[in-house]
Amino acid sequence: MLHDNYGINEKGHLTVCGADTVELSEKYGTPLYILDEDCVRAKCREYKKAFEKHFPSGSLPFFASKALSYVGIYRIIADEGLGTDIVSPGELYTAQKANFPINNTCFHGNNKTDDDIEYGIKAGVGYFVVDSMEELNALNETAKRLGKVQKILLRLTPGIDPHTFAAVNTGRIDSKFGSSIDTGAAEEITKAALLLDGVKLCGYHCHIGSQIFESEPFCRAAKIMTEFSAKIKQKYGYEAEVINLGGGFGVRYYEGQDEPDTDAFISEIADVIKGVCDKNGMKFPVIFMEPGRSIVGAAGVTVYTVGSVKTIPGFRTYVSVDGGMPDNPRYALYSSRYTALIANKADEPCVDEYTIGGRCCESGDMIGEGMLLQKAERGDKLAVLVTGAYNYSMASHYNRIPKAPIVTVSNGSDTLAVKRETYEDLTKNEL
Ligand code: LLP
């Protein structure tokens, strides 16, 4: 079943990490996010192991917490010994609440405010990933005022188009992120950073995009980044200690998608970097990467309750569920395709193609179209698979719908990790 943490039990119910999703939805209500903690931990270990095998000591995977941010996830990530990528003071605050070792964070974002910068430095962020000349100067000034020297990486755009969808494609020259290698902006910001004493330049960062299934774009990015480092060394005598290659490893959302083999991809990337380093007389730098989706994606399943089932002859059948774009805006935003099933009839054959509609007052509020499902009836539990990444973290209150809770499952037993919001929560800041 799509990923090996999903199964069907003797009642014919969908299971995640051995837990019955129908029983969980009865216990906690719907919509419900279920997160398989064992699967998250296994993914963390897979990355760590590959890093230890192929990259020099000190290299580390950083979980990109924009994929899933709540206090408990930072505890799991800390426990597994990964770093974390944060992109806002809100994510930083959440990590602090979990006692995450903040020196193991990379602070991203193309527009950090002065307040964000000060907060990050005071919190002890490991590396600021500096996006622009303005940020570099502001960071330098603030660090000096606070009597600190802040470690930084420079976000560069290596000019790569990994053929993923435009909204998540970030490594091209035409991007709001970073400084372009091709235009010379990357060299300029490197030169500038080397002259400042409130910051310590440790190396470079790039992130070429998300949901990438081939190793080739990663290898190309690794080559361009290491060659850039070699050129800077040759011209200015500065050799980067760290290269951070960002995230982007693809996840299987439906049958037919071939997931990256983590070890094989990391090994290929390592070979490319080593080749460029050997050729240029450089030390193999410490490598960071920032997988987000591939760590939590398959671990998540969302369960809804089916309300109406409406057939429009000659057109289609709509199945409406008690959630939708507020808990998963990805179909509305990117037409992202998912796999769904009727969790309480998981062992029955699929009978029809359905359009799964959400409960919002908006036609575009859908979870998917043309989805092959078991016969759907009011009261059924509908499960959408692979919702661990960019669902809870992108959830909204549209139509004043309280956010759904997260239940984690480990070794077959469940724990409430995030409570369901109440109506009172919705108005608590309103005067
Ligand atoms: N590092 C940086 C600097 C990033 O910008 C991102 C994702 C990642 C790492 C993690 O990439 P991943 O391994 O998760 O592919 N909301 C979109 C995804 C946006 C990704 C933005 N950056 C979606 O729902 O598909």
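Position numbers for residues start from 1 in each chain and track the written sequence from start to end. Where local features are concerned, this predicted model is filtered to residues with pLDDT of at least 70; where side-chain atom pairs are given and counted, the filter is 80 or more; whole-chain, interface and lining totals use all residues. Here the side-chain values reflect all heavy atoms present in the structure, with hydrogen atoms and water set aside.

This brings us to the nonpolar core. Side chains of a nonpolar character, in soluble globular proteins, are inclined to be buried together. Ile73, Ile152, Leu245, Ile269 and Met289 are the most contacted members of the largest nonpolar core, which has 83 residues in total. Note on conventions: DSSP H or I runs of at least 4 residues are helices, E runs of at least 2 residues are strands, and numbering of each starts at the N terminus. Ranked by the residues each element gives to this core, the list is headed by helix α8 (residues 216-236), at 8 residues. Where each domain starts and ends follows an automatic or database-derived domain assignment. A domain-level breakdown of this core finds at least three residues from each of domain 1 (6-30 + 299-427) and domain 2 (37-294). Excluding residues that lie within four positions of it along the chain, Leu245 makes contacts with Cys206, His207, Ala221, Ala222, Met225, Ile269, Ile273, Ile287, Phe288 and Met289. For the purposes of this section, nonpolar cores are sets of buried Ala, Val, Leu, Ile, Met, Phe, Trp, Tyr and Cys residues that join through side-chain atoms within 4.5 Å. Relative accessibility decides the category of a residue: with a 1.4 Å probe and only protein chains considered, values under 20% of the type maximum give buried, values over 50% give exposed, and everything between is partly exposed. In what follows, a contact means two residues having at least one pair of non-hydrogen atoms within 4.5 Å.

Defined by distance alone, a disulfide is two cysteine sulfur atoms within 2.5 Å. As enumerated under the stated definition, the model contains 0 disulfides in all. As a non-bridged cysteine, Cys17 has Cys39 as the owner of its nearest cysteine sulfur, 8.2 Å distant. Free of any disulfide, Cys202 has its nearest cysteine sulfur in Cys106, 9.9 Å distant. Among the residues examined, Cys202 registers a relative accessible area of 1% and is labelled buried.

Once that is clear, we can look at the site of the ligand. Consider each residue's heavy atoms; a residue with any of them within 4 Å of a molecule or strand counts as near. Residues in contact with the ligand amount to 20 residues; listed here are only the nearest, Ser210, Glu290, Arg293, Arg330 and Tyr390. Polar contacts here mean pairs of N or O atoms no more than 3.5 Å apart (in protein, one a potential hydrogen donor and the other a potential acceptor; neighbouring residues in sequence count only if both atoms are side-chain atoms). Contact distances for the ligand include 2.3 Å between an oxygen atom and a side-chain N or O atom of Ser210. In this structure, Tyr390 approaches the ligand through a side-chain N or O atom, which is 2.6 Å from an oxygen atom. Two domains each donate at least three residues to the shell around the ligand, and these are domain 1 (6-30 + 299-427) and domain 2 (37-294).

A separate point is the pairing of strand β4 (residues 32-36). Of all 5 residues making up β4, 5 are buried, and the element is well covered by its neighbours. Across the two faces of β4 the burial is the same, with Leu32, Ile34 and Asp36 and Tyr33 and Leu35 all buried. Here β4 runs beside strand β14 (residues 300-312); their pairing, made up of 4 bridges, is antiparallel. Bridging across to β14, Tyr33 finds its partner in Thr302. Strand pairing is assigned whenever DSSP identifies at least 2 bridges connecting the two strands.

This brings us to the environment of Glu187. By the secondary structure assignment, Glu187 is in helix α7 (residues 185-194). When its relative accessible area of 10% is taken as the criterion, Glu187 is described as buried. Filtering out sequence-adjacent residues up to four positions away, Glu187 remains in contact with Phe228, Lys231, Ile232, Lys235 and Tyr236.

Glancing now at the sheet that holds strand β3 (residues 19-20). Here we have 3 strands laid out as an open sheet, ordered β1-β2-β3, and antiparallel in their pairing. Across the chains shown, the open sheet's two edge strands, defined by having one partner strand only, are β1 (6-8) and β3. Relative to strand β2 (residues 14-16), β1 runs antiparallel, the two sharing 3 bridges. Pairing of Ile8 across the sheet is with Leu14, part of β2.

A common measure of how large an interface is: the accessible area buried when the components associate. Splitting the protein chain by domain gives domain 1 (6-30 + 299-427) and domain 2 (37-294). Summarising the inter-unit geometry, the C-alpha centres of domain 1 and domain 2 are found 33 Å apart. With 20 residues of domain 1 in contact, the opposing surface of domain 2 contributes 16 residues. Summed over both sides, the interface between domain 1 and domain 2 buries roughly 1,700 Å², with carbon and sulfur atoms accounting for 61% of that surface. Reported buried area values correspond to the accessible surface (1.4 Å probe) lost by two parts on association, with both partners' losses combined.

We now examine the environment of Cys39. Mapped onto the elements, Cys39 comes out in helix α2 (residues 37-54). Taking C-alpha positions, Cys39 is 25 Å from Asn244, a pair spaced 205 residues apart along the chain. Residue contacts for Cys39: discarding those within four places in its chain leaves Asn5, Ala298 and Ala299.

Turning our attention to helix α3 (residues 71-79). Residues lying three or four places apart along an α-helix face the same way, a consequence of the helix completing one turn every 3.6 residues. If you check which residues of α3 are buried, you get Gly72, Ile73, Tyr74, Ile76 and Ile77. The inward-facing, buried residues of α3 abut β4, α2, β5 (60-64), β6 (83-86), α4 (89-97) and α10 (293-296). Downstream of α3 by a residue or two, Gly81 has a phi angle that is positive, lying close to 80 degrees.

Right, let's get into helix α9 (residues 262-280). Here α9 spans 27 Å end to end across 19 residues, near enough to the 27 Å set by a 1.5 Å rise per residue. The distance from a side-chain oxygen at the start of α9 to the backbone nitrogen of Asp263 is 3.2 Å, and the residue carrying that oxygen is Asp261. With its phi angle positive at about 65 degrees, Gly281 sits one or two positions after the end of α9. Any helix carries an expected span of 1.5 Å times its number of residues minus one.

We now examine the packing of aromatic side chains. Side-chain rings of Phe, Tyr and Trp (the six-membered ring for Trp) are treated as a pair once their centres are within 6.5 Å; stacked means planes under 30 degrees apart, edge-to-face means over 60, and tilted covers the remaining angles. Under the counting rule described, the total for this entry stands at 14 aromatic pairs. By the ring-pair criterion, three or more aromatic residues cluster together here, those being Tyr47, Phe218, Phe249 and Phe265. Lysine and arginine charges are scored as sitting over a ring when NZ or CZ, respectively, is within 6 Å of the ring centre and within 35 degrees of the ring normal. The ring centre of Phe107 lies 5.7 Å from the NZ or CZ of Lys112, which sits over that ring. Just above the ring of Tyr254 sits the side chain of Arg337; from NZ or CZ to the centre is 3.7 Å.

With that settled, consider the pattern of salt bridges. Any Lys or Arg side-chain nitrogen found within 4 Å of a carboxyl oxygen on Asp or Glu counts as a salt bridge. Under the definition given, this model contains 24 salt bridges. Note that Glu135 and Lys112 form a salt bridge whose closest N and O atoms lie 2.7 Å from each other. On the criterion of sequence distance, the pair formed by Glu135 in helix α6 (residues 133-145) and Lys112 in the loop between β7 (105-107) and α5 (114-123) is long-range, its members being 23 residues apart. Glu241 is the salt-bridge partner of Lys200, the closest N and O atoms lying 2.9 Å from each other. Of this pair, Lys200 sits in strand β11 (residues 199-205) while Glu241 sits in the loop between α8 and β12 (242-244), placing them 41 residues apart in sequence.

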